[in-house]
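Single-letter residue listing:
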Amino acid sequence: MLGSGNVAAQQTQAANIAATGADATAMIAGVAQTGAMVNYQPTLKIDLTVMPDGLPPYPATVTQVVEQIYLGKAVAGQSVPIRVDPENPGSIWINWAMA
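Residues numbered from 1 in each chain as written. Predicted model: local features only at pLDDT ≥ 70, side-chain atom pairs only at ≥ 80, totals over all residues. Heavy atoms only, no water.

### So, the pattern of salt bridges
Taken as a whole, this structure holds one salt bridge when the rule is applied. Asp 23 is the salt-bridge partner of Arg 83, the closest N and O atoms lying 2.5 Å from each other. Here the residue Arg 83 occupies a position in strand β4 (residues 79–85), and Asp 23 occupies one in strand β1 (residues 22–38), the gap between them amounting to 60 residues. With a relative accessible area of 22%, Arg 83 lands in the partly exposed category. Given a relative accessible area of 54%, Asp 23 falls into the exposed group. (Salt bridge = Lys/Arg side-chain N within 4 Å of Asp/Glu carboxyl O. Helix = DSSP H or I, 4+ residues; strand = E, 2+ residues; numbered from the N terminus. Buried < 20%, exposed > 50% of the residue type's maximum accessible area, 1.4 Å probe, protein only.)

### Some words on the nonpolar core
In terms of nonpolar packing, the biggest core is built from 18 residues, with Ile 46, Leu 48, Ile 82 and Trp 96 touching the most fellow members. Among the elements of the structure, β1, β2 (41–51), β3 (58–65), β4 and β5 (88–94) are those that each provide at least two residues to this core. With four residues, the top contributor of residues to this core is β2. Non-local contacts of Ile 46, meaning those with residues more than four positions away in its chain, are made with Ile 28, Gly 30, Val 31, Ala 60, Thr 61, Val 62, Val 66, Ile 94 and Trp 96. (Core = buried A, V, L, I, M, F, W, Y, C linked by side-chain atoms within 4.5 Å. Contact = heavy atoms within 4.5 Å.)

### Observations regarding the sheet that holds β3
If you walk across this open sheet you meet the five strands as β3-β2-β1-β4-β5, and the pairing is antiparallel. The open sheet terminates on both sides in strands that have one partner only, identified here as β3 and β5. Neighbour-to-neighbour, the strand axes of this sheet turn through a mean angle of 45 degrees, independent of strand direction. With four bridges connecting them, β4 and β5 associate as antiparallel partners. Counted as the bridge partner of Asp 85 is Asn 88 from β5. (Pairing = 2+ DSSP bridges. Axes fitted to C-alpha atoms, helices over the stretch in contact; angles between N-to-C directions.)

### Let's talk about unusual backbone geometry
Outside of glycine, negative phi angles account for most residues, and trans bonds account for most peptide bonds. In this model, Asn 39 sits at a positive phi of 50 degrees, which is unusual for a non-glycine residue. Mapped onto the secondary structure, Asn 39 falls in the loop between β1 and β2. The class of Asn 39 is exposed, set by a relative accessible area of 65%. Positioned with a positive phi, Tyr 40 is a non-glycine residue whose angle comes to about 65 degrees.

Fair warning: the whole summary comes from geometry, so function is off the table for now.
Structural data, given as structure tokens:
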């Protein structure tokens, strides 16, 4: 889950998952604002149902900064492309630009 540790560590972890993670799809089950902002962008807690290829779906929660232009996509019921750390399936990066 992205969201533990400091902002620099989160950004590094997100960049690593974005570059090397396995492609998958997730359905957003719920969204909540955390109250935190990074560069005037809100940080959201997002509950997902992850649907990896060839594996059973599983629930996960990520905390991720979401750019203002993508907030309309951060709604329950929305399908989003994600990248999953193959060694830690709870570490997920949502690709908002492709959603």
